[in-house]
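Summary of the model geometry
Below, each chain spelled out in residue letters.
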Amino acid sequence: MTNLKYRGVFGTMATMVKNEGPRSLYSGLVAGLQRQMSFASVRIGLYDSVKQFYTKGSEHVSIGSRLLAGSTTGAMAVAFAQPTDVVKVRFQAQANLSGPNRRYNGTIEAYKTIAKEEGLRGLWKGTLPNIARNAIVNCTELVTYDLIKDLLLKNGLLTDNLPCHFSSAIGAGFCTTVIASPVDVVKTRYMNSAPGRYNSALNCAVTMFTKEGGTAFYKGFMPSFLRLGSWNIVMFITYEQLKRALMVVKLSRESSL
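In what follows, the accompanying structure is described. Nothing here was measured: the structure is a model prediction, and the numbers come from that model.

Right, let's talk about the overall build of the protein for a bit. The secondary structure content of the protein amounts to 10 helices and zero strands. Going residue by residue from the N terminus, the α and β elements of the protein occur as α-α-α-α-α-α-α-α-α-α. Projected onto its principal axes, the C-alpha coordinates of the protein cover approximately 65 × 45 × 40 Å. Within the protein, residue pairs in contact and separated by at least 24 positions form 66% of the contacts whose partners lie at least 6 positions apart. For the protein, the accessible area works out to roughly 15,800 Å², and carbon and sulfur atoms hold 65% of it.

Here is the structure:
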């Protein structure tokens, strides 16, 4: 019966609420918020500026320029905010522990403990693999949103409003899940493997493909899509509304001068 404890996404949520209470669904929320706020402010907030830098202010923006801008801001976000990701992963690892078995009781304590015991390098552990992963995800997420939105507007299918932003965000979420799932599955399998089982992340990927086939890279696809899809909807709709509000403020200030 223990193997049947969790059945599907919604079955898992129902079981967690029943056995651990509603708060279990928000376990590690503070660490997750710190990570998302830090990463998003760089990778999304600087995307348009970096894109304009690569195109030198030209109105025509090629796919190459968009990919380059997405890769750049994705890598910059990791270089700046990697400590928040390290702390989030550590909190996830101790999620099932309680009392004295828990190594960290709060995020601030986690930052201090890691810096004290492992040095500043400990806070930036796994930076290079995460740069590669975040560059791929950021490219897919931002560039597909950009392209889908442009396609909808140019073909007159939708105007630049909420339905357009919602549709573009859903499409970007799906494309990101398709691209990111193999990377995330390999990363999780490699990080949780016993010492010496895999020589590298590449060796882990090859072994998975040889023994389990291509479908192994898409285990947990639906939960990943629900997570990335909902995240993209909230993120891009909020981003577009904030951008529009800032433009209104800017125009009102210019007109009053």
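What follows deals with the environment of Val178. Relative to the assigned elements, Val178 resides in helix H8 (residues 162-191). For Val178 and Val137, which are 41 residues apart along the polypeptide, the C-alpha to C-alpha distance reads 10 Å. What Val178 contacts, discounting residues up to four positions off in sequence, is Tyr218 and Phe221.

Here the structure, examined in full by the defined rule, presents 12 salt bridges. The shortest N-O distance in the salt bridge between Glu212 and Lys219 comes to 3.1 Å.

This brings us to helix H9 (residues 201-212). In this model H9 runs 16 Å from its N-terminal to its C-terminal C-alpha over 12 residues, within 8% of the 16 Å that 1.5 Å per residue would give. Residues of H9 that are buried: Cys204, Ala205, Thr207 and Met208. Projection of H9 onto a plane perpendicular to its axis shows the buried side chains occupying an angular sector of 165°, all on one side. Within H9, the exposed residues directed more than 90 degrees away from the buried face are Leu202, Phe209 and Thr210. Two residues or fewer past H9, Gly213 is found with a positive phi of approximately 85°.

Residue placement: Ala115 occurs in helix H5 (residues 107-118). Linking Ala115 and Phe225, residues 110 residues apart in sequence, is a C-alpha distance of 34 Å. With sequence-adjacent residues up to four places away left out, Ala115 is seen in contact with Leu120 and Leu123.

Attention now moves to a nonpolar patch on the surface. On the surface, Met13, Val17 and Leu25 cluster together into a nonpolar patch covering about 210 Å² of accessible area. Position of Leu25 relative to the elements: it lies in the loop between helix H1 (8-20) and helix H2 (29-43). Take Leu25: its relative accessible area is 35%, and that puts it in the partly exposed class.

Rules of the game
Residues numbered from 1 in each chain as written. Predicted model: local features only at pLDDT ≥ 70, side-chain atom pairs only at ≥ 80, totals over all residues. Heavy atoms only, no water. Helix = DSSP H or I, 4+ residues; strand = E, 2+ residues; numbered from the N terminus. Contact = heavy atoms within 4.5 Å. Areas by Shrake-Rupley, 256 points an atom, 1.4 Å probe, with all protein chains shown as cover. Salt bridge = Lys/Arg side-chain N within 4 Å of Asp/Glu carboxyl O. Expected span 1.5 Å × (residues − 1). Buried < 20%, exposed > 50% of the residue type's maximum accessible area, 1.4 Å probe, protein only. Arc of directions from axis to C-beta. Patch = residues over 30% accessible without salt bridge, like charges linked within 9 Å, V, L, I, M, F, W, Y side chains within 5 Å.

What is shown is where atoms sit, not what they do.
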